[in-house]
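Residues per chain, in single letters:
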Amino acid sequence: MATVHIDNVPHTVNEDGNLLQECLTLGFDLPYFCWHPAMGSVGACRQCAIKQFKDEKDTKGRIVMACMTAAKDGTRISIDDAEAREFRRSVGGWLMINHPHDCPVCDEGGECHLQDMTVMTGHVYRRYRGLKRTFRNQDLGPFINHEMNRCIQCYRCTRFYRDYAGGRDFDALMLRNHVYFGRYQDGTLENEFSGNLVEVCPTGVFTDKSLKQHYTRKWDLQTAPSVCVHCGLGCNIIPGERYGMLRRIRNRYNGEVNGYFLCDRGRYGYEFVNGENRIRQPLTRQRRGDALQTATRQQALDRLAPLFRKPACVVGIGSARASLEANFALRTLVGVDNFYLGMAGRDHALLKMVLDIMRSGPARIPSLHDAEVSDAVLVLGEDVTQTAPRLALALRQSVRRAPWDRIGGKLHIPEWDDGAMRAAVQNELGPLFIAAVADTRLDDVATQVFHAAPDDIARLGHAVAHELDNSAPLVSDQPDSSRALAATIAGALRAAKNPLIVAGVSYGSRAVIEAAANAARALHGATQRAQLCLIVPECNSIGAALLGSRDLDAALDALKDGDAETIVILENDLYRSAGAARIDACLAAASRVVVIDHTMTAAGTKADVALPGASFAERDGTLVNNEGRAQRMFQVFVPRDDVQESWRWLHDIMQAAGRGQECKWANLDDVTAACAAAIPALGAIIQAAPPADFRIAGQKIPRAPHRYSGRTAILANIDVSEPQPPADPDSALAFTMEGYPGEPPAALIPRFWAPGWNSVQSLNKFQQEVGGSLAGGDPGVRLIEPADGAQRGYFDDMPPAFAPRRGEWLLLPLHQIFGSDETSAWSPSIMQRIPAPFVALHPDDAAALDCGSGDVVELQIAGAVMQLPLQLRSDIAHGVAGVPLVPPQLAGAALPAWVAIRPVKGEPR
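Residues numbered from 1 in each chain as written. Predicted model: local features only at pLDDT ≥ 70, side-chain atom pairs only at ≥ 80, totals over all residues. Heavy atoms only, no water.

Looking now at the nonpolar core. Residues Phe308, Leu380, Ile501, Leu532, Ile542, Leu682 and Leu783 are the most contacted members of the largest nonpolar core, which totals 99 residues. In terms of residue count, the dominant contributor to this core is helix H18 (residues 510–526) (10 residues). Once you skip the residues sitting within four places of it in the chain, Leu682 turns out to touch Leu324, Leu546, Leu547, Cys675, Ala676 and Leu783. If you look at the next biggest cluster of nonpolar residues, it comprises 64 residues, including Ile249, Ala371, Leu395 and Val880. (Core = buried A, V, L, I, M, F, W, Y, C linked by side-chain atoms within 4.5 Å. Buried < 20%, exposed > 50% of the residue type's maximum accessible area, 1.4 Å probe, protein only. Helix = DSSP H or I, 4+ residues; strand = E, 2+ residues; numbered from the N terminus. Contact = heavy atoms within 4.5 Å.)

Here Ser210 shows up in helix H6 (residues 209–212). Its relative accessible area of 0% is what places Ser210 among the buried residues. At a separation of 2.7 Å, a polar atom in the side chain of Ser210 contacts the side chain of Asp208. Not counting residues up to four positions away in its chain, the partners in contact with Ser210 are Pro142, Phe143, Tyr268, Tyr270 and Glu271. (Polar contact = N/O pair within 3.5 Å; in protein donor to acceptor, adjacent residues only side chain to side chain.)

Moving on to the environment of Gly430. Among the secondary structure elements, Gly430 is positioned in the loop between helix H15 (418–425) and strand S19 (432–436). Note on Gly430: relative accessible area 3%, which makes it buried. Taking the C-alpha atoms as reference, Gly430 lies 37 Å from Arg248; in sequence the two are 182 residues apart. In contact with Gly430, not counting residues within four places along its chain, are Val399, Ala402, Pro403 and Thr447.

Another aspect to go through is the pairing of S19. Here S19 lies mainly inside the structure; five of its five residues are buried. Residues Leu432, Ile434 and Ala436 line one face of S19 and the alternating positions Phe433 and Ala435 line the opposite face, and both faces are buried. Bridging between strand S18 (residues 376–380) and S19 involves four bridges; their strand directions are parallel. Opposite Val377, over in S19, you have Leu432 as the bridge partner. By the bridge criterion, four bridges tie S19 to strand S20 (residues 448–451) in an arrangement that is parallel. (Pairing = 2+ DSSP bridges.)

Now for helix H16 (residues 454–468). End to end, H16 covers 21 Å across 15 residues, agreeing with the expected 21 Å (1.5 Å per residue, within 8%). Among the 15 residues in H16, 12 count as buried, and that is most of the element. (Expected span 1.5 Å × (residues − 1).)

This part is about the sheet that holds strand S30 (residues 781–782). Spatially, three strands are ordered S26-S27-S30 in an open sheet, and the strand pairing comes out antiparallel. Lying at the two open borders of the sheet, with one neighbouring strand each, are strand S26 (621–624) and S30.

Here the focus is the sheet that holds strand S24 (residues 592–597). Read from one edge of the open sheet, seven strands run S15-S14-S25-S24-S23-S16-S17, paired in mixed fashion. This sheet does not close on itself; its edge strands, each paired only once, are strand S15 (293–294) and strand S17 (339–341). The pairing of strand S16 (residues 314–318) with S17 spans three bridges and is classified as parallel. Across the sheet, residue Gly316 finds its bridge partner in S17, namely Phe339. Here helix H8 (residues 297–304) sits on the sheet and contacts strand S14 (283–284), S24 and strand S25 (609–612); the angle it forms with S25, its principal contact strand, is near 130°. Across the face of the sheet, helix H9 (residues 324–334) comes into contact with S16, S17 and strand S23 (566–570) while running at roughly 170° to S16. (Axes fitted to C-alpha atoms, helices over the stretch in contact; angles between N-to-C directions.)

Further remarks concern the pattern of salt bridges. Per the counting criterion, the structure on display carries 52 salt bridges. The salt bridge involving Asp597 is made with Arg321; its shortest N-O contact spans 2.8 Å. With a gap of 276 residues between them, Asp597 in strand S24 and Arg321 in the loop between S16 and H9 connect regions that are remote in the sequence. Here Asp597 matches Arg321 in class, with each residue buried. A salt bridge links Arg364 to Asp370, with the shortest nitrogen-to-oxygen separation between them at 3.4 Å. Given the relative accessible area of 17%, Asp370 is considered buried. Each of Arg364, Asp370, Glu627, Arg629, Arg782 and Glu785 takes part in salt bridges that share partners, so that together they form one network. (Salt bridge = Lys/Arg side-chain N within 4 Å of Asp/Glu carboxyl O.)

Let us now look at the environment of Met120. Mapped onto the secondary structure, Met120 falls in helix H3 (residues 113–121). For the pair formed by Met120 and Gln448, sequence separation is 328 residues and the distance between their alpha carbons is 49 Å.

Attention shifts here to the environment of Ala578. Turning to its location among the elements, Ala578 is positioned in the loop between S23 and helix H21 (580–589). Sequence separation of Ala578 and Gly342 is 236 residues, and the distance between their C-alpha atoms is 9.7 Å.

Here a disulfide denotes one covalent bond, and it connects the sulfur atoms of two cysteines. On inspection of all chains with the given rule, the structure shows zero disulfides. The structure places no disulfide on Cys154, whose sulfur is separated from the nearest cysteine sulfur, that of Cys201, by 6.1 Å. Taking the relative accessible area as the measure of exposure, Cys154 reaches 8% and is therefore buried. (Disulfide = S-S within 2.5 Å.)

As structure tokens, this is what we get:
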């Protein structure tokens, strides 16, 4: 720590930081534009000027930039110095010379950092009367709207897009005194994190195009803390609602998870909440074959009540995209023996293995922040950008760690000095080894890439483990090239301070997960800080596994054997997990099919009774991410019609069936507490967020900001008097603008705002130190830690080397960030980014079929015949075929699987 004198008052600061960061941490309002806590300093905007003095006798001092000055012990500075204030005001003036001053029509209005800083610097009247520089705007795709004339050349956009996120189709294009931030031509931004430009940009150059289509003023958005549901990482988000419509998603800072950034799937996958295929009212049919008809709530419950008086005759199928509370309520309704997780047998077994490895260690499962600061990484069998996007962004930062520590430390360059550090390091990167089926989006920063079938990837992982520890299983008949690569990888991991192994379930390979666990186990013996990150597919996959249940195959067998009369499907499209013919037969065997979901799926169309469940924006609940971190999501708005949380429908069914003694649940806290009491592994979930009766100074936390307007006008067509706000028995949040005006606990923060800081930069006021954890700690509670002194033995089931088959190919999924997950694919803007279906083959394999790129080939899988265009990929191994998980015929296909492929002659079907 160091002591810095600010306007003659001593303050204790972190000596590893710069003066801007430390002044903001201390609560001073010092304006800035180009600096960003995650991206460091470059000194481009000159807005954070302060006066620095040599010592207490120096009265003249000199102007310096706070973001470029180290917070050394004994430093004396002034923020309020008249010359420094005038300098900052003049900077604001010339930065605004070419700005159009179009705040009344700008989408950024009301939460604009530029507005905040011009007011803070005192530049409130424009004096320039000359011609302004103007630019042509570009079409940047379905996510981002471009208005280049508002730019102040802070360079944040290119620093994020190119330096931080690795994008290459966007840059600063310069000619004399003209600087243009855009693409070389109109076109969709290719990077998977482009949506962060909306929050990174301090002006209105980049705005949310999906919000623009149903725009509302930012201070009229009702918000609540929530969790992204589109992958297993559990990124924190802030959804915003107005007039009963979800309008946008913003990043919610969690220092241990997503930090400052979201992927585009998480940011723009929300629009399904407003979709036309939502189930809004109960639907019933009198007889099989009849169309589903709308029914009243009471009619639906009256029809269901007799079916649930004998729970032994009911099968309940839960879901890894439903909350813990919803799954537990279904488990209570049907009984422990009749509750199944709606996941195919092999996927269920892989998930159980992942959970066992997480519990038994010895390597710890890292948070995204831990992954970001790792200094050597081995990725086994995952295209991380497609299956866990925010982790890919963290790994992209990790490759900078080793050279920064080595070169920056030698040259005494502080980590926050981004420009100097990048100039010193140049293109040098730390060790990142990727073993995958095909090219990945991280290959550009990888030390070495290994493309092979899953079994050969697993063998490489086992070879790395053996290189690290001779007692690990030996891989026989290993090619010299693979043996040399394993030795190189092992050496890099052994030399690292914070090594990381990444694997997952996306290829459906048990061998790959075992190999990753062996490598982490061997590494843990050499370096005590080895970590193992295991990627799972759904937002609550680990939570569902902790509930404990049998798999979907067992449920379908029970239905087929006639052991059940009624099946309840909770937020799960079974057709994505098993073949259509098998699902059809099993649903037909049940006397009644009950579906609870927010959207009409293929399984929903087979229902005898379909109940309207709540989407993530309309419900409260607990999710557990891949790290084992339990996090609470909160309802953003009260849904219209008969939509309600799934657990409430299940509670109502039990009440109607006369089983009220089994579920004395008045609110979500009661369900959460019952779940924690019944399942010891989930005992800590009650600590994920404060309870519903939590109050500060006797007040709830308001979901609506204090600037919220037009409450009476919203319902003026019904009544000119203001109605009573909806009650919320499930949380400490209120559906109103009245409530505690100060800072709530981190898990309950519905928005980031502070006086004078209307933009996302107000987050600085909510952190213990700028760029660090939120005050009071980051949201969530970890449920899983390896046992102390755990020394798991090695897996010794070595897969044989992959051998291509004559006339058949091993069909593998090529996951896509846009289209592979279920819910985001229903969102219109995401739909525009979903790639067309194809099958990928190595050129030599295609030549053997006498086919070329674009030709149509036919393959049979899951009982269906598919015809797909051929894509030639030299990065795919011989004997392997790849398909994106997009064609409807692939839903329920157990990949990998061996398939025959033949060319289609003549007109394709």
